Amino acid sequence: MNTTTAKAASQSASSSAASAPAPSPDPAFASSTATPVKVAVIVGSNREGRFGPVVAEWLLARVRAHEGFEADLIDLADVDLPTSLSFRPSAEVVAELDKVTPKLAAADAFIVLTPEYNHSYPASLKNVIDWHRDEWEAKPVALVSYGGISGGLRAVEHLRQVFAELHMVTVRDTVSFHNAGALFDDEGAHRDPSVAEAAAKGMLDQLHWWAWALRAAKETRSYGS
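Residues numbered from 1 in each chain as written. Predicted model: local features only at pLDDT ≥ 70, side-chain atom pairs only at ≥ 80, totals over all residues. Heavy atoms only, no water.

### Structural notes on the overall build of the protein
Part 1 of the argument: Summing up its helical and strand segments, the protein has 7 helices and 6 strands in all.
Part 2 of the argument: Along the protein, from the amino end to the carboxyl end, the secondary structure elements read α-α-β-α-β-α-β-α-β-α-β-β-α.
Part 3 of the argument: Every one of the 225 residues in the protein was classed for burial, and the buried ones make up 40%.
Part 4 of the argument: Taking the contacts inside the protein whose residues are at least 6 apart along the sequence as the reference set, 82% of them involve residues at least 24 apart.
Part 5 of the argument: Of the roughly 12,400 Å² that the protein leaves accessible, carbon and sulfur atoms contribute 53%. (Helix = DSSP H or I, 4+ residues; strand = E, 2+ residues; numbered from the N terminus. Buried < 20%, exposed > 50% of the residue type's maximum accessible area, 1.4 Å probe, protein only. Contact = heavy atoms within 4.5 Å. Areas by Shrake-Rupley, 256 points an atom, 1.4 Å probe, with all protein chains shown as cover.)

Take a look at the structure:
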């Protein structure tokens, strides 16, 4: 084939491809993309005098401003679950579970806000994780941390291992607040938010993608089947 003939064939193929109708999206994919992602924001500390609510308010404002999310707050200071797990919990424990389990089950995705206590994350967070399993499975989770010089990042790395065991996807990017108390003013506003806001945007974009991708996949085929 000479150069002129090859060029003509190439142009003809390009024209045919341009005029061909785009493939129809899978109905489950289209439905999932159009539906807001329900994200549960979990405040992981219940410690007296905790700094978590300050960071949580900042975080929730970014989540609610991000297109495509529907946010729900779960504050573990409002949930009193025993550390002794049971397959037959008492009526009192069931009442506590009712504060959190339906919200976890309804969520398409999670954002866990954790401090760093003694090189790891708080017992209140591990406890609510261990009281549940199906509610976590095949869902994405983003991690936001705060602390001293490490910014809570050691807690984040421990949580990645735990959530992997629960068949969750932890998104790659995180938001961390190093020496957190000095970063916010008395009104809870970040003193220099540009870097943190850029990090939050990237993290939320990744969380949103994983959330609708996994939701669409589960609408087509049950996880593990």
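On we go.
### Quick look at helix H7 (residues 194-220)
Part 1 of the argument: An ideal rise of 1.5 Å per residue puts 39 Å on 27 residues; H7 measures up with 40 Å between its terminal C-alpha atoms.
Part 2 of the argument: Those residues of H7 lying buried are Ala196, Ala200, Met203, Leu204, Leu207, His208, Ala211, Trp212, Leu214, Arg215 and Ala216. (Expected span 1.5 Å × (residues − 1).)

### Concerning the environment of Asn46
Part 1 of the argument: With respect to the element layout, Asn46 can be found in the loop between strand S1 (37-43) and helix H3 (52-65).
Part 2 of the argument: With a relative accessible area of 44%, Asn46 lands in the partly exposed category.
Part 3 of the argument: For Asn46 and Ala77, which are 31 residues apart along the polypeptide, the C-alpha to C-alpha distance reads 4.3 Å.
Part 4 of the argument: Not counting chain neighbours up to four residues away, the residues in contact with Asn46 comprise Leu76, Ala77 and Ser124.

### Quick word on the pattern of salt bridges
Part 1 of the argument: In total, this model carries 10 salt bridges according to the counting rule given.
Part 2 of the argument: Across the pair Arg215 and Asp108 runs a salt bridge, and its minimum N-O distance is 2.9 Å. Highlighted residues: Arg215 in helix H7 and Asp108 in the loop between helix H4 (91-106) and strand S3 (109-115), separated in sequence by 107 residues.
Part 3 of the argument: The class of Arg215 is buried, set by a relative accessible area of 10%.
Part 4 of the argument: Close ionic contact of Asp205 with Lys201 constitutes a salt bridge, the shortest N to O distance being 2.7 Å. With a gap of 4 residues between them, Asp205 and Lys201 both fall in helix H7, about one helical turn apart. (Salt bridge = Lys/Arg side-chain N within 4 Å of Asp/Glu carboxyl O.)

Interpretation note: all reported values are geometric properties and have no functional meaning in isolation.
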